[in-house]
Amino acid sequence: MNVIVLGGNLVIALGSVLVGKPFTRYYVARPSAVVEQPQFKCALNAIAWLWVFAFAVMLALQLVQTLLGLTIQSSAGLGLMIAQIAVLVLTFLLSDVPSASGGRRTTAP
């Protein structure tokens, strides 16, 4: 069952990115003028790709567990941990992206 759910999530996330409408866009509570900014679109696209990666890792771990009969306590937990680390790295890399108010966000020295 987990393989089907994770596979469905992967297909939806990957399909949305490939057609140019990342699913992350529909979870944003910002005015449409902000969402249409190129930097914001880039960030949403990057976050969607991170979710694609996380779903792919979780699916691969679940397939290994299912096909080989291995006992992995939490393949979803490992995938989520990898996604969280990737989000932290992306947040650091995108910390110089202009904010919604037009100013530039900077990291503390």
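Summarised in this report is the structure supplied together with it. Note that residues are indexed from 1 along each chain, following the sequence as it is written. Residue-level local features of this predicted model are given only where pLDDT is at least 70; pairs of side-chain atoms are given and counted only at 80 or more, and the full residue set underlies all totals for whole chains, interfaces and linings. For side-chain calculations, the full set of non-hydrogen atoms in the structure is used, while hydrogens and water are omitted.

Attention shifts here to the pattern of salt bridges. When a carboxyl oxygen of Asp or Glu lies within 4 Å of a side-chain nitrogen of Lys or Arg, that pair is called a salt bridge. As enumerated under the stated definition, the model contains two salt bridges in all. Its salt-bridge partner being Glu36, residue Arg25 comes within 2.0 Å of it at the nearest N-O pair. Residue Arg25 is located in the loop between helix 1 (2-18) and helix 2 (32-35), and its partner Glu36 is located in the loop between helix 2 and helix 3 (38-68); the two are separated by eleven residues in the primary sequence. Taking relative accessible area as the criterion, Arg25 reaches 32% and is therefore assigned partly exposed. Take Glu36: its relative accessible area is 37%, and that puts it in the partly exposed class. Taking the shortest distance from any N to any O, the salt bridge between Glu36 and Lys41 comes out at 3.2 Å. Buried residues are those whose accessible area, probed at 1.4 Å on protein chains only, stays under 20% of the maximum for their type, while exposed residues exceed 50% and partly exposed ones sit between those limits. Judged by relative accessible area, Lys41 falls into the partly exposed class, the value being 40%. Secondary structure elements follow DSSP: runs of H or I of four or more residues count as helices, runs of E of two or more count as strands, with numbering from the N terminus.

Another aspect to go through is the nonpolar core. We define a nonpolar core as any set of buried Ala, Val, Leu, Ile, Met, Phe, Trp, Tyr and Cys residues linked to one another through side-chain atoms lying within 4.5 Å. Counting residues in each nonpolar core, the largest one holds ten residues, listed as Leu6, Leu10, Ala13, Val17, Ala48, Val52, Ala54, Phe55, Met58 and Leu59. Within the residue set of this core, elements represented by two or more residues are helix 1 and helix 3. In terms of residues, this core owes the most to one element, helix 3, which gives six residues.

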